[in-house]
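# Inside the fold
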Amino acid sequence: MERKPKYMNMKKNRRDISNKSINIRRISISICLCLSVILKLGVPVSAEVSEADAYYEIGTGNGIGTYDYDDLLSRYRTNSIAYKRNMLEYQIQVFNSNLEDENHSNINIQHLNVLERIEELEQAKKALIEYKKVLLSQKTQMVTGSAITIDNTLADNKQEQINEIDTQIMSIDSQLLQYNSTKSSVEVNLSEARLSKNISSFYSSHQGMIENEARRKMENDFLKQCYSLIIYQEQLDYYKAYNGYLTVLREADSIRYRYGLVTDIVLDADEVNILHNQGTINENVNSYKAEINAIKNDTGIIDEPIIRLELFYYKNVYDLENTIQEFIYRNSGYQQIRNYISSYQEYRDTAKTSSYTSNRQTEARIEYYKLQKEELEDSIGAYVTKAVNSYEKAIISRDASWKELQVKNNQYNAYVTKYKYKRASQLDVAKMLYEKEAAELAYYQCCYDIVIWQDIIDNCIYGEQ
């Protein structure tokens, strides 16, 4: 890992989204200077920061203390209804898997009982046939000395026994016919039940993987919620500074209008721009409030918190191929497709069916899931490549935007000094202020991107952003 130099760590202390202090003064200058305006002036900005200031603080606090992201995450895991509901959802899938297992066991027991009964009937039939052979051999003749005599009475008794045996054999054959028919039906049901059991067993055998994957995705969404507060704050700062510039410009154009230098169309355009910008400010404030209320609801925080968010100033180095393989291995969807393939292959090899269409359907399913597996491998590979490239791009952009921010800071401070000595107008200062805020917004947008992409890559979260 590569740690950035000290100048990259800049504390941004925000106590209230609406409380960035700015001074309003009205001054008059000559037409030669082209302005007599109202401007929200800032104070000179220092770029000197310390190593310990690598965080962004936001919120009013109301005396309840400060929460860092780990504090919020811990409370989120405990209090979020959506988080707990999702965890229960995967437990229910495990129970469904267990039910499929029980169903397969019941059908298997039924199958074994049928096989046992068929074996009993076949053994009984075999014994009757052997006994019949004995009776037939005894019936043919009785030998007394050298004479052969036929005992009609004995012969009649044996014939009755033989007839009874034939009747019993016929009854057994009828039962065997029924049980063999039942056996075929049960074996089909058993094959289907085994297939369902194998498919659903994925949820019990991979329960930990599935729950961890869902947990990582939900926590990444929560991470975005928290860090988006930085973007809302910086956007508000920018739109407020821009509003100050538009106000100054409108006042300047009003003076120019009185001297006939511009038409009323210019004044109307100025007013429209201010109204649009004010609408954007209101929308931004509402989005911020909605986000902070969602965070409070999910974490169980009642009062207005101070939230301290760490900014990452070190760089992770990722081996692309290893990272792709790690994403594939930890992707539950990929493992589920593999389970589909093995389940249908076993079904194809063991299913008791002679249906040509059913066999072709099974082969088609196997081929379909093999292609889906390859497709997902390609998709994950492309996604990880994009994620790593986006992360590295965000690192480079952050370094560049930091330098640009320093330039804008210096320019703004220079114009504040010039204005103090009447060498620059308030419009110049207002313009430099909103340009500085724009550079600051760009810088923190890069910081946001770094935090989110790093979390996605480190936790193998597929399909986000």
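Treat the numbers as computed from the prediction; the structure is a model and nothing was measured.

## Things to note about the overall build of the protein
Looking only at helices and strands, the protein has nine helices and 10 strands in total. The buried share of the protein, reckoned over its 465 residues, is 42%. Restricting the contact set of the protein to residue pairs at least 6 apart, pairs at least 24 apart contribute 85%. Of the accessible surface of the protein, which amounts to about 25,400 Å², a share of 50% is contributed by carbon and sulfur atoms.

## Quick word on the pairing of strand β9 (residues 306-310)
Relative to β9, strand β5 (residues 55-58) runs antiparallel, the two sharing four bridges. Looking across to β9, one finds that Y56 is bridged to L309. Where strand β6 (residues 66-68) meets β9, three bridges bridge the pair, whose relative direction is parallel. The residue of β9 that forms the bridge with T66 is I306.

## What to know about the environment of L275
Structurally, L275 is set in helix α5 (residues 264-299). Expressed as a C-alpha distance, the spacing of L275 and N243, which sit 32 residues apart in the sequence, is 9.3 Å.

## Observations concerning the packing of helix α7 (residues 332-350) against helix α8 (residues 356-420)
Close contact between α7 and α8 brings their axes to 9 Å; oriented N to C, the two are set at 160°. Here α7 lies roughly antiparallel to α8, going by the angle between them. When the axes of α7 and α8 are compared, the crossing they make is left-handed. Along its contact with α7, which presents G333, Y334, I337, R338, Y340, I341, Y344, Q345, Y347 and R348, the element α8 presents S358, T362, E363, R365, I366, Y369, K370, Q372, K373, L376 and E377. Classifying every residue of the contact of α7 with α8 by side-chain character gives nine nonpolar, five polar and seven charged.

## Observations concerning the environment of Y288
Structurally, the position occupied by Y288 is in helix α5. The class for Y288 is buried, based on a relative accessible area of 8%.

## What to know about the packing of aromatic side chains
Tallied over the entire structure, the rule returns 21 aromatic pairs. Between Y56 and Y444, the ring centres sit 5.1 Å apart and the planes meet at 85°, which makes this aromatic pair edge-to-face. Here Y56, found in strand β5, pairs with Y444, found in helix α9 (residues 426-458); they are 388 residues apart in sequence, far enough to count as distant. For Y56, a relative accessible area of 0% gives the class buried. With 6.2 Å between their ring centres and 70° between their planes, Y238 and Y434 make a pair best called edge-to-face. Taken together, the residues span a long stretch of sequence, with Y238 in helix α4 (residues 207-258) and Y434 in helix α9 at a distance of 196 residues. For Y238, a relative accessible area of 19% puts it in the buried group. Among the residues examined, Y434 registers a relative accessible area of 15% and is labelled buried. A cation over an aromatic ring shows up here: K418 above the ring of Y415, its NZ or CZ 4.9 Å from the ring centre.

## Things to note about a negative patch on the surface
Taken together, the side chains of D68, D70, D71 and E310 define an acidic patch exposed on the protein surface. Note on placement: E310 falls in strand β9. Taking the relative accessible area as the measure of exposure, E310 reaches 43% and is therefore partly exposed.

## Considering the pattern of salt bridges
By the definition in use, this model includes 19 salt bridges. Through salt bridges with shared partners, a single ionic network connects R348, D349 and E363.

## A few points about α7
Owing to its 3.6 residues per turn, the α-helix aligns residues three or four sequence positions apart on the same side. For α7, spanning 19 residues, the distance from its first C-alpha to its last is 27 Å, which sits close to the expected 27 Å at 1.5 Å a residue. Of all the residues in α7, the buried ones are S332, Y334, Q335, Q336, I337, N339, Y340, I341, S343, Y344 and Y347. Where α7 begins, one side-chain oxygen reaches toward the backbone nitrogen of G333, 3.1 Å away; that side chain belongs to N331.

Cut-off values and rules
- Residues numbered from 1 in each chain as written.
- Predicted model: local features only at pLDDT ≥ 70, side-chain atom pairs only at ≥ 80, totals over all residues.
- Heavy atoms only, no water.
- Helix = DSSP H or I, 4+ residues; strand = E, 2+ residues; numbered from the N terminus.
- Buried < 20%, exposed > 50% of the residue type's maximum accessible area, 1.4 Å probe, protein only.
- Contact = heavy atoms within 4.5 Å.
- Areas by Shrake-Rupley, 256 points an atom, 1.4 Å probe, with all protein chains shown as cover.
- Pairing = 2+ DSSP bridges.
- Axes fitted to C-alpha atoms, helices over the stretch in contact; angles between N-to-C directions.
- Parallel < 35°, antiparallel > 145°, perpendicular 65-115°, else oblique.
- Left-handed = near helix turned anticlockwise from the far one by under 90°.
- Nonpolar A, V, L, I, M, F, W, Y, C, P; charged D, E, K, R; others polar.
- Phe/Tyr/Trp six-rings, centres within 6.5 Å; stacked < 30°, edge-to-face > 60°.
- Lys NZ or Arg CZ within 6 Å of the ring centre and 35° of its normal.
- Patch = residues over 30% accessible without salt bridge, like charges linked within 9 Å, V, L, I, M, F, W, Y side chains within 5 Å.
- Salt bridge = Lys/Arg side-chain N within 4 Å of Asp/Glu carboxyl O.
- Lys, Arg positive; Asp, Glu negative; His and termini not counted.
- Charge placed at Lys NZ, Arg CZ, Asp CG, Glu CD.
- Expected span 1.5 Å × (residues − 1).
- Polar contact = N/O pair within 3.5 Å; in protein donor to acceptor, adjacent residues only side chain to side chain.

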